[in-house]
Amino acid sequence: MPSYTKAPAGAFSWVEVSTTDVQGAKAFYGSLFDWSIADMPMPGGLSYSMATIAGKQVAGLMTIPPEATKTGAPPHWLSYVAVDDVAASAQQATKLGGKVLTGPFDMGPGKMAVLQDPTGAVFALWQSPAEPMGSFQFGEDNSLGWNELSTTDTDRAGAFYSGLFGWKLETAQMPDMVYTTFKRGAERVGGMMAQPKEIDGTPSAWAVYFAVADADKTAAKAKSLGGREIVPPTDIPNIGRFAVLTDPQGVFFSVIKFTPPTK
């Protein structure tokens, strides 16, 4: 199974949901993805819930931080990118037109910061400690499968992430859009597209996709658990079948059944 014990710089290394109802989120995602979820004590009396599959970490769940609530941020999934030096990367982000929303600060044995790109999309930086913190599983059923930026300005966003993480941009013409793949060397680490007209006026945002064995069954199960179907299961030629959903607290996420690569 694809996993990291320490993600290389420039790779997505974690996702977590900040919500108004942690117990509800634990029940929803635990049932939907068959996650085992355990609570972890945090500094300041806070609690963090860790989701695992067969002992490998897949995602975090927490109450939306007060500082995020004060800014009007709704419950959301947050994507983390690994870096070698959080402070230096945060400084570089501001030079490239981004903003540091919180941090850098220590989080357990690591360091993190929450940033906003020049088009308004929020993401986080994570600097791992020297010692392993467990294995992060991705790319397998019921774990993180893809991170995708929907932005109001692809040129500006592309220049920002390329300058910050050294990502290369690979564009492809699709039936109704130009799609950009972010690459770390030869590895595909994420995607970018212009904000669809249907959601014109909403903020730029990073979306999380969870890989699943069956997009239709997962979407149906999400609805039975109190979630909503925003985009019904839809085929993407040569990529897979996906659906856009929300959990009962209104947090957006997507699921995708990837098409096996042809030989």
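In what follows, the structure referred to is the one given above.
Residues numbered from 1 in each chain as written. Predicted model: local features only at pLDDT ≥ 70, side-chain atom pairs only at ≥ 80, totals over all residues. Heavy atoms only, no water.

**As for the packing of helix H3 (residues 86-95) against helix H4 (residues 154-165)**
For clarity, the threshold we go by: The axes used here are C-alpha line fits, helices contributing only the stretch in contact, and every angle between their N-to-C directions lies in the interval 0 to 180 degrees. By the criteria applied, helices consist of DSSP H or I runs no shorter than four residues and strands consist of E runs no shorter than two, each listed in order from the N terminus. An angle counts as roughly parallel when it lies under 35 degrees, as roughly antiparallel when it exceeds 145, as roughly perpendicular when it falls between 65 and 115, and as oblique in every other case. Note on convention: the crossing is left-handed when the near helix lies turned anticlockwise from the far helix by less than a right angle, right-handed when the turn is clockwise. In what follows, a contact means two residues having at least one pair of non-hydrogen atoms within 4.5 Å. Residue polarity follows a fixed list, in which Ala, Val, Leu, Ile, Met, Phe, Trp, Tyr, Cys and Pro are nonpolar, Asp, Glu, Lys and Arg are charged, and the others, Gly among them, are polar.
In the contact formed by H3 and H4, the axes pass within 10 Å of each other and the chain directions differ by 150°. Taken as axis vectors, H3 and H4 run roughly antiparallel relative to one another. Handedness of the crossing formed by H3 with H4: right-handed. Contact residues: H3 offers Ser89, Gln92 and Ala93, while H4 offers Phe160, Gly163 and Leu164. Across the contact of H3 with H4, the residue classes tally to 3 nonpolar, 3 polar and no charged.

**Digging into the sheet that holds strand E15 (residues 205-211)**
What counts is decided by this rule: For two strands to pair, DSSP has to find at least two bridges joining them.
The mixed open sheet is built from 8 strands, whose spatial order is E12-E13-E14-E11-E15-E18-E17-E16. Each edge of the open sheet carries a strand with a single partner, namely strand E12 (168-174) and strand E16 (228-236). Averaged over all neighbouring strand pairs, the angle between strand axes comes to 25°, with direction disregarded. As defined by bridge partners, E15 adjoins strand E18 (residues 252-258) across 3 bridges and the pair is classed as parallel. Bridging from a neighbouring strand, Ala211 pairs with Ile256 of E18. Packing of helix H1 (residues 22-33) onto the sheet brings it into contact with E15, strand E17 (240-246) and E18, and relative to E18 it is tilted by some 5°.

**Looking at unusual backbone geometry**
Between Gly103 and Pro104 the backbone carries a cis peptide bond, its omega angle lying at 0°. With respect to the secondary-structure elements, Pro104 resides in strand E7 (residues 99-107). Phi is positive for Ala54, which is not a glycine, with a value near 50°. In this fold, Ala54 is placed in the loop between strand E4 (47-53) and strand E5 (56-63). Non-glycine residue Asn142 carries a positive phi angle of around 70°. Along the chain, Asn142 turns up in the loop between strand E10 (136-137) and strand E11 (144-151).

**Some points on the nonpolar core**
Generally speaking, nonpolar side chains in soluble globular proteins are found buried as a group. Put simply, the test is: Joining through side-chain atoms within 4.5 Å is the link that ties buried Ala, Val, Leu, Ile, Met, Phe, Trp, Tyr and Cys residues into a set, and such a set is a nonpolar core. Relative accessibility thresholds used throughout: buried, under 20% of the residue-type maximum; exposed, over 50%; partly exposed, between the two (1.4 Å probe, protein chains only).
Counting 41 residues, the largest nonpolar core has Tyr29, Phe33, Trp35, Trp77, Phe210 and Phe253 as the members making the most contacts within it. The element contributing the most residues to this core is H1, with 5 residues. What Phe210 contacts, discounting residues up to four positions off in sequence, is Val15, Phe33, Trp35, Trp77, Ser143, Leu144, Gly145, Phe253, Ser254, Val255 and Ile256. The next biggest cluster of nonpolar side chains, apart from the first, holds 22 residues, and it includes Phe12, Val81, Ala121 and Phe160.

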